[in-house]
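Now for the letters of each chain:
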Amino acid sequence: MPKIPVIILSGFLGSGKTSLLTKALKQNELQNSAIIVNEFGKIGLDHHLLSRVEERTLLLGGGCVCCSTREDLVAAILALLNDMQSGVQQKVDRVIVETTGLADPSPIWFTILRHPVLQHHFDVDRILVTLDAVNGMFHLDQHEESIKQTAVADQIIITKTDIASGEQIEQLLERIASINPAASIGTTHADDPDGSRFFVGDAQAVRTVQAVDSADLAKAHAGDTCSISIRFDRPLDWHAFGLWLSMLLHARGTAILRVKGLLDLGGEGPVSLNGVQHIIHPPEHLDHWPEGIRASNIVFIMKQVEPQQILDSLLAFQHVLGAVPYALEVKTAI
Ligand SMILES: Nc1nc2c(ncn2[C@@H]2O[C@H](COP(=O)(O)OP(=O)(O)OP(=O)(O)O)[C@@H](O)[C@H]2O)c(=O)[nH]1
């Protein structure tokens, strides 16, 4: 039986998560969804707002789902599974988890991927992160949580474009690209009639791996959040690459915020690679290459690791990998 997709909706305090979800849930495409909302404080407000449009909304209150209430999250999803299996409730098309504004989405992802029961029935399909077009820069400047959310996102949704200037949006886009060049970007505004588009469709299309240009290794410094995009000149040996990646994550797992890529292993289509910190999602074979890319292309987003170290380590491994890596681009968070 196909696994039920779980969509994690995160984003800094007040960045528009609930507004977006409330609008999206009014559309037919999302009718058959289970919603789990996490809020600080015992009396959650979002939960009530969402309940108006979605009866299956469940509130996890009193703490942050990325740390203190992870067990509540597991219990809530297990209860849903139980109800679906016993026929009390029909099978939902997706589960949407709205986190608190201060949550790190990655532990939620790990919890579902690693849980002995949940991993067989659910799959984290995408991490959506809202960033406020007006206050987003301030949040990124002041709050590490906002950087972390941006770094691990599959898709960043810039909200409030109706009240932001073109310059504010441009600056924010530049900032996002410096933190997470592999994220796809969407925008929304107060009267957006189609919020559901972010929650449906092919997750692989959301996890874009951008083709990028020049390498500038000198710009990046350890201590910053930075990223490096690496391409290989020919197909890779999967076992050798898997070994190299395991060693990297074992040594520097907490410093590697995100690894995403499409790998050319010599087959017809690519194999997609998707990891958050020390956990790698089971790789998926895809039928086709996206347009414009037909070579292994991997993005590493990390903290306190020199991009050059990643490249050097891959270069040292090149004979075992069977392919030569080269840097397409290095970005330091600005
Ligand atoms: N103009 C405008 N206002 C928006 C938009 N999205 C959200 N808002 C407003 O921004 C405020 C915060 O929005 P919420 O949806 O509650 O944000 P949130 O991320 O769920 O907030 P927390 O639950 O506190 O983290 C509300 O007053 C919304 O009406 C938008 O696209 N345009």
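Sequence positions are assigned chain by chain, starting from 1 and proceeding in written order. With the structure being a predicted model, the display of local features is reserved for residues of pLDDT at least 70 and the display and counting of side-chain atom pairs for 80 or more, all residues being used for whole-chain, interface and lining totals. To get the side-chain values, take all heavy atoms of the structure and skip hydrogens and water.

A. The arrangement of the packing of aromatic side chains in detail. Think of it this way: a Phe, Tyr or Trp ring, Trp meaning its six-membered ring, pairs with another when their centres are within 6.5 Å, and the plane angle makes it stacked under 30 degrees, edge-to-face over 60, tilted otherwise. A complete count under the given rule lists 4 aromatic pairs for this structure. Aromatic side chains Trp-238 and Phe-241 sit 6.4 Å apart centroid to centroid with 35 degrees between the ring planes, which places their arrangement in the tilted category. Remark: Phe-241 and Trp-238 occur in helix α10 (residues 238-252); sequence separation between them is 3 residues, near one turn of the helix. Only protein chains enter the accessibility calculation, which uses a 1.4 Å probe; a residue whose area is less than 20% of its type maximum is buried, one above 50% is exposed, and one in between is partly exposed. The exposure class assigned to Phe-241 is buried, which follows from its relative accessible area of 0%. An aromatic cluster is defined as three or more aromatic residues linked by ring pairs; in this entry it consists of Trp-238, Phe-241, Trp-244 and Phe-300. The numbering of helices and of strands both runs from the N terminus, where a helix is a DSSP run of H or I of at least 4 residues and a strand a run of E of at least 2.

B. Geometry of the nonpolar core. Only buried residues count toward a nonpolar core, which is a set of Ala, Val, Leu, Ile, Met, Phe, Trp, Tyr and Cys residues joined through side-chain atoms within 4.5 Å. Counting 46 residues, the largest nonpolar core has Val-95, Trp-109 and Phe-122 as its most contacted members. Inspection of this core shows a minimum of three residues originating in each of domain 1 (4-206) and domain 2 (217-332). Not counting residues within four places of it along the chain, the set of residues in contact with Trp-109 comprises Ile-8, Val-124, Ile-127, Asn-274, Gly-275, Val-276, Ile-279 and His-281. Membership of the second largest hydrophobic core comes to 28 residues, among which are Cys-226, Leu-249, Phe-300 and Ala-323. An automatic or database domain assignment provides the domain bounds reported here. Should any heavy atoms of two residues lie within 4.5 Å, those residues are counted as being in contact.

C. Seen up close, the packing of helix α7 (residues 144-152) against helix α8 (residues 166-179). Closest axis-to-axis distance for the α7/α8 pair is 9 Å, and the angle between their directions is 70 degrees. The orientation of α7 with respect to α8, classified from their angle, is roughly perpendicular. Contacts between α7 and α8 involve Ile-147, Thr-150 and Ala-151 on the former and, on the latter, Arg-175, Ile-176 and Ile-179. Asp, Glu, Lys and Arg are counted as charged, while Ala, Val, Leu, Ile, Met, Phe, Trp, Tyr, Cys and Pro are counted as nonpolar; the rest, among them Gly, fall into the polar class. Partitioned by chemical class, the residues of the contact of α7 with α8 number 4 nonpolar, 1 polar and 1 charged. Angles shown run from 0 to 180 degrees and are taken between the N-to-C directions of axes, each axis being a line fitted to C-alpha atoms and, for helices, limited to the stretch in contact. Note that the term roughly parallel is reserved for angles under 35 degrees, roughly antiparallel for angles over 145, roughly perpendicular for angles of 65 to 115, and oblique for everything else.

D. Representation of the pattern of salt bridges within the structure. The term salt bridge refers to a side-chain nitrogen of Lys or Arg lying within 4 Å of a carboxyl oxygen of Asp or Glu. Under the defined criterion, the tally for this structure stands at 9 salt bridges. Note that Lys-260 and Asp-154 form a salt bridge whose closest N and O atoms lie 3.7 Å from each other. With a gap of 106 residues between them, Lys-260 in strand β9 (residues 256-263) and Asp-154 in the loop between α7 and β6 (155-159) connect regions that are remote in the sequence. Asp-154 sits in the buried class, given a relative accessible area of 2%. When the shortest N-O distance is used, the salt bridge between Arg-197 and Asp-192 registers 2.9 Å. Several salt bridges share partner residues, and in doing so they unite Asp-154, Arg-258 and Lys-260 into one network.

E. Spatial organisation of the packing of helix α3 (residues 70-85) against helix α4 (residues 106-114). Taken N-terminus to C-terminus, the directions of α3 and α4 make an angle of 45 degrees; their axes are 11 Å apart at the nearest point. One element, α3, and the other, α4, form an angle in the oblique class. Crossing of α3 over α4 shows right-handed handedness. From α3, Arg-70, Leu-73, Val-74 and Ile-77 reach across to α4, where they touch Pro-107, Ile-108, Thr-111 and Ile-112. Each residue belonging to the contact of α3 with α4 can be placed in one class, and the counts come to 6 nonpolar, 1 polar and 1 charged. Crossings are classed by handedness, with left-handed meaning an anticlockwise turn of the near helix from the far one by less than a right angle and right-handed meaning a clockwise turn.

F. Examining α10 more closely. Helix span is expected to be 1.5 Å times the residue number reduced by one. Under the 1.5 Å per step criterion, the end-to-end length of α10 is 20 Å for 15 residues, consistent within 8% with the ideal 21 Å. Those residues of α10 that sit buried are Ala-240, Phe-241, Trp-244, Leu-245, Leu-248 and Leu-249. Viewed end-on, α10 has its buried residues packed into an arc of 160 degrees, placing them on one side of the element. For α10, the exposed residues set more than 90 degrees away from the buried face come down to His-239 and His-250. Contact partners of the buried residues in α10: β9, β10 (271-276), β11 (279-280), β13 (297-303), α11 (307-316) and α12 (318-321). The arc under discussion is defined with respect to the helix axis, by the directions toward the C-beta atoms.

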